[in-house]
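Residue-level structure breakdown
As a plain string of letters, each chain reads:
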Amino acid sequence: MSHSRFLWMPGFESTTVHTHPMTRHELLAATDEDGYVEGVIAMPFHRILAANANDPSEGGQLLDLLIEALTGSADVTEIQYQIVGLDTEQSDTILIKVTGDVSQLLKEAP
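The following refers to the structure shown. (Residues numbered from 1 in each chain as written. Predicted model: local features only at pLDDT ≥ 70, side-chain atom pairs only at ≥ 80, totals over all residues. Heavy atoms only, no water.)

1. Observations concerning the environment of Ile94
Among the structural elements, Ile94 can be located in strand E5 (residues 93–101). Taking the C-alpha atoms as reference points, Ile94 and Phe45, 49 residues apart in sequence, are found 6.5 Å from one another. Non-local contacts of Ile94, meaning those with residues more than four positions away in its chain, are made with Ile41, Ala42, Met43, Phe45, Ile48, Ile83, Gly85 and Leu86. (Helix = DSSP H or I, 4+ residues; strand = E, 2+ residues; numbered from the N terminus. Contact = heavy atoms within 4.5 Å.)

2. Regarding the pattern of salt bridges
For the coordinates displayed, the defined rule picks out three salt bridges. Among the ionic pairs, Glu38 bridges to Lys97, the shortest N-O distance being 4.0 Å. Linking Glu38 in strand E3 (residues 36–44) with Lys97 in strand E5, this pair joins segments that are 59 residues apart in sequence. (Salt bridge = Lys/Arg side-chain N within 4 Å of Asp/Glu carboxyl O.)

3. Description of unusual backbone geometry
One non-glycine residue, Glu78, adopts positive backbone phi at about 55°. According to the relative accessible area criterion, Glu78 is exposed, its value standing at 53%. (Buried < 20%, exposed > 50% of the residue type's maximum accessible area, 1.4 Å probe, protein only.)

4. Some details on the side chain of Thr71
Position of Thr71 among the secondary structure elements: in helix H3 (residues 60–71). Judged by relative accessible area, which is 6%, Thr71 ranks as buried. Only 2.9 Å separates the side chain of Thr71 from the backbone oxygen of Ser73, close enough to count as a polar contact. Ignoring sequence-local partners within four residues, the contact set of Thr71 consists of Pro21, Met22, Leu27, Val37, Val76, Val102 and Leu105. (Polar contact = N/O pair within 3.5 Å; in protein donor to acceptor, adjacent residues only side chain to side chain.)

5. Points about the packing of aromatic side chains
If you walk through the whole model with that rule in mind, you get one aromatic pair. Between Phe6 and Trp8 the ring centres are 5.6 Å apart and the planes differ by 80°, which places this aromatic pair in the edge-to-face class. Exposure remark for Trp8: the relative accessible area of 12% places this residue in the buried category. (Phe/Tyr/Trp six-rings, centres within 6.5 Å; stacked < 30°, edge-to-face > 60°.)

6. Structural notes on the sheet that holds strand E2 (residues 17–18)
Neighbouring strands of a sheet are bound in pairs by backbone hydrogen bonds; such pairs are parallel or else antiparallel. On the basis of which strands lie adjacent, the open sheet formed by five strands has the order E1-E4-E5-E3-E2 and mixed pairing. Of all the strands in the sheet, the pair left with one neighbour each is strand E1 (6–8) and E2. With three bridges joining them, E1 and strand E4 (residues 77–87) adopt antiparallel strand pairing. When the bridges of E4 are listed, Leu7 appears paired with Leu86. (Pairing = 2+ DSSP bridges.)

If you want it as structure tokens, here you go:
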């Protein structure tokens, strides 16, 4: 995606936006020594609202939605997120940095 269409929070201007879940190869390459991966996804705000409406307790489906958009799986722990920008061409889309422990996911057979 073109960076000129995004309005970034300071410090995130040159960040890659993942438009599809990372492949296993990409996850392996991006995982740090503690088993964590992070990346920025573009997510329509209405999908976030719907996930939260379905399970408002402690993030529930919202965390699964965000980490699945990055990794392709909900089998991730210690999930955190931070809003880091907006898509100026898609009025309801926000950019979210998602972080999680994928060590268990990577132990599974490919």
